[in-house]
Amino acid sequence: SEPSADVQAAYTQAAALADAGDTEQADALRAEAVGTERREALAHSFAGRLGHLIEPVVAPLGFDWQIGIGIVTSFAAREVIVSTLSIVYGMGDDTTGEEGLYTTLRTAQRRDGSPVFTTATSLSLLVFYVLAMQCLPTQAVTRRETGSWKWALFQLLYMTVLAYGATLATFQQVSRLFG
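Here the structure is a predicted model, which is why all the values come from computation and not from measurement. (Residues numbered from 1 in each chain as written. Predicted model: local features only at pLDDT ≥ 70, side-chain atom pairs only at ≥ 80, totals over all residues. Heavy atoms only, no water.)

*Asks:* Explanation requested: helix α3 (residues 46-58) in the structure shown.
*Replies:* Every α-helical turn comprises 3.6 residues, leaving residues that sit three or four positions apart pointing alike. Taking 1.5 Å per residue, 13 residues should reach 18 Å; α3 reaches 18 Å between its end C-alpha atoms and fits that length. Where α3 bends most, the angle comes to about 30°, and this point is His52, followed within four residues by the proline Pro56. Turning to α3, its buried residues number three or more, namely Gly48, Gly51, Glu55 and Val58. (Helix = DSSP H or I, 4+ residues; strand = E, 2+ residues; numbered from the N terminus. Expected span 1.5 Å × (residues − 1). Bend = angle between axes of the 7 residues up to and from the residue. Buried < 20%, exposed > 50% of the residue type's maximum accessible area, 1.4 Å probe, protein only.)

See below:
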């Protein structure tokens with residue numbers, strides 16, 4: 001699809017900076033435009049649509065659609081959220097540069113310009129992962145050991161509801177304390 005007007009403007013401005021001899025600033029602006037273009041493409045992908053679909057469910061926890069995608073993909077294994085966040089926040093495979101994942105997440109902003117990863121959101125995400133059953137292999141072992149999907153599904157449902165409630169309480173309380 002066609003890049004947005006903002007992305008096109010950034011490329012135009014980068015070209016003008018390069019022509020003026022400011023290649024360092026032009027390269028930085030191009031890199032930012034590429035990241036924005038990746039995020040826009042992701043927003044219209046299957047994963048992006050899924051993220052937007054579940055955003056009303058995860059928003060009360062302080063999460064945006066991108067964190068929601070990370071939660072869904074990490075069902076395979078919890079550590080998958082790290083690579084998912086690097087992709088959904090526009091880094092792609094480049095997680096080693098000066099602008100690492102830490103910096104990218106620290107500077108990530110919501111549509112209204114507020115930071116995504118506040119103290120409340122970060123603590124909420126930690127609480128969610130401590131309590132949620134985010135592990136497909138564990139579900140398969142539970143099914144195998146009990147001989148039924150009943151207990152595996154009960155475990156998944158119970159731990160998800162528990163994690164959601166504790167995460168919601170954490171986000172609400174920490175938001176009140178830190179504004």
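Next comes the rest of the account.
*Asks:* Hey, could you run me through the packing of aromatic side chains in this one?
*Replies:* For any two aromatic rings, the description comes down to two numbers: the centre-to-centre distance and the angle of the planes. In this structure the tally under the stated criterion is three aromatic pairs. Aromatic side chains Phe128 and Tyr129 sit 5.6 Å apart centroid to centroid with 85° between the ring planes, which places their arrangement in the edge-to-face category. We classify Phe128 as buried; its relative accessible area is 6%. With a centroid separation of 6.0 Å and an interplanar angle of 15°, the aromatic rings of Phe154 and Tyr158 are classed as stacked. With Phe154 and Tyr158 both in helix α9 (residues 149-178), this residue pair falls four residues apart, about one helical turn. (Phe/Tyr/Trp six-rings, centres within 6.5 Å; stacked < 30°, edge-to-face > 60°.)

*Asks:* What am I meant to see in the nonpolar core here?
*Replies:* General note: in soluble globular proteins, nonpolar side chains tend to be found buried as a group. Membership of the largest hydrophobic core comes to 23 residues, with the highest contact counts inside it found for Phe63, Ile67, Ile71, Leu85, Tyr89 and Leu125. Elements supplying a minimum of two residues to this core: α2 (23-43), α4 (65-73), α5 (80-88), α6 (101-107) and α7 (119-131). Leu125 has contacts with Phe63, Ile67, Ile71, Ile81 and Phe117, leaving out every residue within four places of it along the chain. Of all hydrophobic cores here, the second largest spans six residues; its members include Val7, Ala26, Leu29 and Ala33. (Core = buried A, V, L, I, M, F, W, Y, C linked by side-chain atoms within 4.5 Å. Contact = heavy atoms within 4.5 Å.)

*Asks:* How should I be thinking about α4 in this particular structure?
*Replies:* Burial of α4 is extensive: seven of the nine residues sit out of reach of the surface. Burial in α4 covers these residues: Trp65, Gln66, Ile67, Gly68, Ile69, Gly70 and Ile71.

*Asks:* I keep staring at the packing of α3 against α4 and nothing clicks. Help me out?
*Replies:* To characterise two packed helices, one gives the angle between the axes of the helices and the distance between these axes. Between α3 and α4, whose axes approach to 7 Å, the crossing angle comes to 105°. Considering the angle they form, α3 stands roughly perpendicular to α4. Within the contact between the two elements, α3 uses Ala47, Gly48, Leu50, Gly51, His52, Ile54, Glu55 and Val58 and α4 uses Trp65, Gly68, Ile69 and Val72. For the contact of α3 with α4, a count of residues per class yields seven nonpolar, four polar and one charged. (Axes fitted to C-alpha atoms, helices over the stretch in contact; angles between N-to-C directions. Parallel < 35°, antiparallel > 145°, perpendicular 65-115°, else oblique. Nonpolar A, V, L, I, M, F, W, Y, C, P; charged D, E, K, R; others polar.)

*Asks:* Just to check I follow, could you spell out the environment of Gln25 for this structure?
*Replies:* Checked against the element boundaries, Gln25 lands in helix α2. Sequence spacing of Gln25 and Ala14 is eleven residues, and the spatial spacing of their C-alpha atoms is 7.5 Å.

*Asks:* Explain the environment of Phe171 here, please?
*Replies:* Position of Phe171 relative to the elements: it lies in helix α9. Sequence separation between Phe171 and Leu123 is 48 residues; the distance between their C-alpha atoms is 7.4 Å. Not counting residues up to four positions away in its chain, the partners in contact with Phe171 are Pro60, Leu61, Gly62, Ala120, Thr121 and Ser124.

Read these as geometric descriptors, not functional statements.
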